[in-house]
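# Overview (structure and organization)
The chain contents come next:
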Amino acid sequence: NLKLDNLFKKKLIPRMTCTASKKLLRIMYKKKTNLCLAADLQNWTEVLEVARTLGPHICLLRTHIDTYNLENYYQVVEFRKHLKDLATKFDFMIMEDRKFADIGSTVQRQLTSKPFEIAQWADMVTVHGLPGPGVLQCFEGLENIAVVVIAEMSSTGNLGRKVSDYKHECLKITDGYDKIVAGFVSHSKIRVDRKDTFFLQFTPGVALNDYTGGDGLGQQYVYVDDAILDRGADVIIVGRGILKHGNENWREVAEEFQRNGWSALVQKLMN
Ligand code: 5FU
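Residues numbered from 1 in each chain as written. Predicted model: local features only at pLDDT ≥ 70, side-chain atom pairs only at ≥ 80, totals over all residues.

### So, the overall build of the protein chain
Within the protein chain, the secondary structure is distributed over eleven helices and twelve strands. Here the protein chain, with 271 residues, has 42% of them falling under the buried criterion. Summarising the internal contacts of the protein chain: among those between residues at least 6 apart in sequence, 68% fall at separations of at least 24. (Helix = DSSP H or I, 4+ residues; strand = E, 2+ residues; numbered from the N terminus. Buried ≥ 20, exposed ≤ 12 C-beta atoms within 10 Å, placed from the backbone. Contact = placed C-beta atoms within 7 Å.)

### As for the packing of helix α3 (residues 44–54) against helix α11 (residues 250–270)
It is the contact of α3 with α11, at a shortest axis distance of 10 Å, that shows an interaxial angle of 55 degrees. As far as their axial angle goes, α11 and α3 are oblique. Where α3 crosses over α11, the handedness of that crossing is right-handed. On α11, the residues that touch Val50, Thr53 and Leu54 of α3 are Trp250, Arg251 and Ala254. (Axes fitted to C-alpha atoms, helices over the stretch in contact; angles between N-to-C directions. Parallel < 35°, antiparallel > 145°, perpendicular 65-115°, else oblique. Left-handed = near helix turned anticlockwise from the far one by under 90°.)

### Considerations on the site of the ligand
The environment of the ligand is formed by 16 residues, the closest being Ala38, Met153, Pro204, Gly239 and Arg240. Of all the elements in the fold, those that place two or more residues in the shell around the ligand are β12 (235–238) and α10 (240–243). Looking at side-chain class alone, the shell around the ligand contains seven nonpolar, six polar and three charged residues. (Near = placed C-beta within 6 Å. Nonpolar A, V, L, I, M, F, W, Y, C, P; charged D, E, K, R; others polar.)

### Digging into the sheet that holds strand β4 (residues 124–128)
Consider a sheet: its strands pair through backbone hydrogen bonds, and that pairing is either parallel or antiparallel. Read around the closed barrel, eight strands run β1-β2-β3-β4-β5-β6-β9-β12, paired in parallel fashion. Ignoring which end each strand starts from, the neighbouring axes of this sheet average 30 degrees apart. (Pairing = 2+ DSSP bridges.)

### A look at the pairing of strand β6 (residues 181–185)
Among the five residues that make up β6, five are buried, leaving the element largely enclosed by the rest of the structure. As paired strands, β6 and strand β9 (residues 200–203) are joined by three bridges and run parallel to one another. When the bridges of β9 are listed, Val185 appears paired with Phe202.

### A short note on the confidence of the model for the protein chain
Detailed reading of the predicted coordinates is not advisable wherever pLDDT falls low. When pLDDT is averaged along the protein chain, the result is 94, and 98% of the positions lie at 70 or above. We note a pTM of 0.96 for the whole complex and an ipTM of 0.96 for its interfaces. (pLDDT = per-residue confidence, 0-100.)

### Remarks on the environment of Ala233
The residue Ala233 is located in the loop between α9 (224–230) and β12 in this model. Note on Ala233: 30 C-beta atoms within 10 Å, which makes it buried. Ala233 sits 215 residues away from Cys18 along the chain, and the two C-alpha atoms are 18 Å apart. Once residues within four sequence positions are removed from consideration, Ala233 is found in contact with Gln201, Thr203, Ala227 and Ile228.

### Considering the UniProt feature "active site" (unreviewed entry) in the protein chain
When the UniProt feature table is mapped onto this chain, "active site" (unreviewed entry) is found at Asp97, Lys99 and Asp102. Among the secondary structure elements, Asp97 is positioned in strand β3 (residues 93–100). Non-local contacts of Asp97, meaning those with residues more than four positions away in its chain, are made with Arg62, Thr63, His64 and Thr126. Looking at where Asp102 falls in the secondary structure, it is placed in the loop between β3 and α5 (104–112). (UniProt positions renumbered as here; feature names shortened; annotations may be inferred.)

What follows is the structure, encoded as structure tokens:
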């Protein structure tokens, strides 16, 4: 489809200043997927298994490395090496959902210290806007790592929704950091068109239409179409919607998220 090709290659991708988001958008277009897998499994070997199984269907894999039963530094190194190999093989990017929320000098140390050494393997990391611009400034010396700012969480009663202007203030602190910021996590529309820069919106709390109810701990879900067409998501983040199924069904369910997600994204962007 020539119109779609033009839209991605001539309009959207050139408008991105951040190298990581440019790369992500290229992957999304090439693989026809806006699905990010939240790889929330207990054992690091299972995380690698799901990455291997779903690699062809995702543009991004989101880790919580401090939840993976990694027993020592050597296992961390082994895990991240395998994960990077899979990311190269299947062409997806890696986002560590570390949600940094401290002064810049501490975040800098958290990014580089053992055992996780996040800056060495993650393509993107999440940060809260709470500390102000210092939380972005500390990324300036680091190469090959981009930031996604959490503007509005998906959980019930989250302050991004409740405190007036919180979301907007999160946008404001990114001014001057276009090269570092890939986009925002938000459960509602957050389209910023600053100086012609295009940022991506990542939306968690997404489920298929078979879903009813929350998770009992505050998570709230919306359907794929709602997330993209009504709430402005470019990338949908899905964990349990896929992983609650047995590993023999992961691929089939992920394919459904991929199909629905991509067709809603195309519909949104072409309008
Ligand atoms: F920033 C956020 C947020 O606002 N909500 C989230 O759910 C991050 N998340 C992450 O997305 C959360 O930590 C999980 O890793 C994932 C959603 O998982 P689910 O199993 O699809 O609910």
